[in-house]
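The primary structure of each chain is shown beneath.
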Amino acid sequence: MLNQMGISWQSPRVTRLCEPEHWFLAAILTALVLYGPHSASAAHLDEATPACGDTGSLPLETLGSDKKQRTLLFQQAAACVSEGKALRAITIFSALIEIDPKDAAAYLNRGSVQGALGEKGLAMSDYSTAISLQPDLVEAWYNRGTTLAHLRQYELAIADFTEAIRLKPDLALAYCNRGYANFQLSRYDEALGDYTKAIALDPRRLIYCYFRRGTFYLTIGAYQKAVDDLTKVLEQKPSEAIALSRRGQAYEGLGQLDRARDDFRAALEVNPNLESASEGIGRLTEH
């Protein structure tokens, strides 16, 4: 039976897809830190930029309303993030917020750091405040949507991703994560459309979106399409155990058992505890 996109939904022969994955986390943790009218990306820091914790760093006691001074503090917080000193970065953003409670960028960035630390409730609060202060702050909508998806609140996540896309129609990350949320709600047409759009917008960087779409194809039994997408992943990340195991499942579905066996074995070399690969080897051993 064909769906609206002309793909035949099949019953997959192998369905274990429950291993913990970091592919979706990648989209969350690369949330766009340091965006906003007062901020500067860490990628643009120069030699004069204060570093986190160095004796030459700009002390918080000097913080005032001067725009240049606030920019230096944003840069110092960026350095703290780069150096793995998240709590120091939060302290700096909190000081910026205390002086200017209407600084949406400070809330956005503090939320990004809170999210990276796993403090999802605090991150959500900061993103919501940033949105209330600056409704067109696309990164806040994206970050909040990603956090909601982490919390399995998929309908709310989709709404936030949709608003992010409305504000920035070429935001590939938002399409990919909205596809994930749609997939979790079994909205397969919408998920496939979102994954495909994300890949079209940014095919080189969104390798985990190939992984997501490959997983989608595996789930519906479109095994050759799954192989194609998972091969794209493995071209860049040849030791990605879950991608190897899932491509092995797709090869198994195609009846290419030698290739399936090779992928399952390769996956187990990387992660000997990967259940789907162990089960795959077990099934093929029985043949």
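Read on for a plain summary of the structure. All of these numbers come straight from a predicted model, not from anything done at the bench.

### Topic: the overall build of the protein chain
Piece 1. Counting secondary structure elements, the protein chain contains 14 helices and 0 strands.
Piece 2. Element order for the protein chain, N to C, with α for helix and β for strand: α-α-α-α-α-α-α-α-α-α-α-α-α-α.
Piece 3. The long-range fraction of contacts in the protein chain, counting pairs at least 24 apart against all pairs at least 6 apart in sequence, stands at 56%.
Piece 4. With an accessible surface of roughly 13600 Å², the protein chain has 51% of that area assigned to carbon and sulfur atoms.

### Observations regarding the state of the cysteines
Piece 1. Considering all chains together, one arrives at 1 disulfide under this definition.
Piece 2. Note that C176 is cross-linked by a disulfide to C209, the S-S spacing being 2.4 Å. Taking the sign of the S-S torsion, about 125° here, the bridge from C176 to C209 comes out right-handed. Placement of C176 in helix α8 (residues 172–184) and of C209 in helix α10 (residues 207–220) is noted, with a sequence separation of 33 residues between them.
Piece 3. A residue is classified by how much of its surface remains accessible, and C209, at 0% relative accessible area, is buried.

### Topic: helix α3 (residues 86–99)
Piece 1. Across its 14 residues, α3 extends 20 Å between first and last C-alpha, which sits within 8% of the 20 Å expected from 1.5 Å per residue.
Piece 2. A86, A89, I90, I92, F93, A95, L96 and I97 are the residues of α3 that are buried.
Piece 3. Against α2 (67–82) and α4 (104–116) lie the buried residues of α3.

### Quick notes on the packing of aromatic side chains
Piece 1. Taken as a whole and judged by the stated rule, the model has 7 aromatic pairs.
Piece 2. Grouped by ring-pair contacts, the aromatic residues F183, Y188, F216 and Y217 constitute a single cluster.

### With respect to the environment of A267
Piece 1. Inspection of the secondary structure puts A267 in helix α13 (residues 257–270).
Piece 2. Along the primary structure A267 and R246 are separated by 21 residues, whereas in three dimensions their C-alpha atoms are 9.3 Å apart.
Piece 3. Look past the residues within four positions of A267 in its chain and what remains in contact with it is A241, L244, S245, L274 and A277.

### Observations regarding the packing of helix α12 (residues 241–254) against helix α14 (residues 275–286)
Piece 1. α14 packs onto α12 with a crossing angle of 30° between their chain directions and a minimal axis gap of 9 Å. As the angle between them shows, α12 and α14 are arranged roughly parallel. The way α12 lies across α14 gives a crossing that is left-handed. Contacts from S245, Q249 and E252 of α12 reach α14 at S276, A277, R283 and L284.
Piece 2. In terms of residue class, the contact of α12 with α14 is built from 2 nonpolar, 3 polar and 2 charged.

### Re unusual backbone geometry
Piece 1. In this structure, R152 is a non-glycine residue whose phi angle is positive, near 65°.
Piece 2. Turning to its location among the elements, R152 is positioned in the loop between α6 (138–150) and α7 (154–167).
Piece 3. Since its relative accessible area comes to 66%, R152 is described here as exposed.
Piece 4. Despite not being glycine, S186 has its phi angle at roughly 60°, a positive value.
Piece 5. Inspection of the secondary structure assignment puts S186 in the loop between α8 and α9 (188–201).

Cut-offs applied
Residues numbered from 1 in each chain as written. Predicted model: local features only at pLDDT ≥ 70, side-chain atom pairs only at ≥ 80, totals over all residues. Heavy atoms only, no water. Helix = DSSP H or I, 4+ residues; strand = E, 2+ residues; numbered from the N terminus. Contact = heavy atoms within 4.5 Å. Areas by Shrake-Rupley, 256 points an atom, 1.4 Å probe, with all protein chains shown as cover. Disulfide = S-S within 2.5 Å. Buried < 20%, exposed > 50% of the residue type's maximum accessible area, 1.4 Å probe, protein only. Expected span 1.5 Å × (residues − 1). Phe/Tyr/Trp six-rings, centres within 6.5 Å; stacked < 30°, edge-to-face > 60°. Axes fitted to C-alpha atoms, helices over the stretch in contact; angles between N-to-C directions. Parallel < 35°, antiparallel > 145°, perpendicular 65-115°, else oblique. Left-handed = near helix turned anticlockwise from the far one by under 90°. Nonpolar A, V, L, I, M, F, W, Y, C, P; charged D, E, K, R; others polar.

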